[in-house]
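Understanding the architecture of this molecule
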Amino acid sequence: MREPLDAEQAAGVARVFKALGDPVRLRILSIVASRAGGEVCVCDITGAFELSQPTISHHLKVLKEVGLLTSQRRASWVYYRLVPETLGELSALLDVPVTV
């Protein structure tokens, strides 16, 4: 059994869910999660959408701000990875035993 979230924890988790409430951001997260090696170049993310580069950059920034993604610059490209700890926290929160 786990303890219920306190107000601060609930506010933090709500920010993450709010970020995931956007279909573009959810797709970005899915793209990163589905890649072998667990990282994706921003060029591959941008190419998956019919959106401008600044719009994709905004969505990536939001996902980084809530702790779902991290990035690393290599030469002129930026590579994105999932943050397993954040996804683990969400998973633990949503993991409820099924009673039949």
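We now turn to the structure provided with this report. A quick note: this is a predicted structure, and the numbers were derived from the prediction, not measured. (Residues numbered from 1 in each chain as written. Predicted model: local features only at pLDDT ≥ 70, side-chain atom pairs only at ≥ 80, totals over all residues. Heavy atoms only, no water.)

**Let's talk about the pattern of salt bridges**
Throughout the structure, instances matching the rule amount to four salt bridges. Arginine 74 is the partner of glutamate 39 in a salt bridge, and the nearest nitrogen-oxygen pair spans 2.9 Å. Linking glutamate 39 in strand S1 (residues 39-41) with arginine 74 in strand S2 (residues 69-74), this pair joins segments that are 35 residues apart in sequence. Classification of glutamate 39 by relative accessible area gives partly exposed; the value is 22%. Where glutamate 65 meets lysine 61, a salt bridge forms, and the shortest distance between an N and an O atom there is 3.8 Å. With glutamate 65 and lysine 61 both in helix H4 (residues 53-65), this residue pair falls four residues apart, about one helical turn. Three or more residues joined by partner-sharing salt bridges are found here, namely Glu39, Arg74 and Arg81. (Salt bridge = Lys/Arg side-chain N within 4 Å of Asp/Glu carboxyl O. Helix = DSSP H or I, 4+ residues; strand = E, 2+ residues; numbered from the N terminus. Buried < 20%, exposed > 50% of the residue type's maximum accessible area, 1.4 Å probe, protein only.)

**Comments concerning the sheet that holds S2**
Pairing is antiparallel in the open sheet, where three strands are placed in the order S1-S3-S2. Pairing within the sheet leaves two strands with one partner each, and these edge strands are S1 and S2. Between one strand axis and the next, the sheet turns by 25 degrees as a mean value, whatever way the strands run. As paired strands, S2 and strand S3 (residues 77-82) are joined by six bridges and run antiparallel to one another. Bridge pairing links threonine 70 to arginine 81 in S3. Packed on one face of the sheet, H4 meets S2 and S3 and runs near 120 degrees to S2. (Pairing = 2+ DSSP bridges. Axes fitted to C-alpha atoms, helices over the stretch in contact; angles between N-to-C directions. Contact = heavy atoms within 4.5 Å.)

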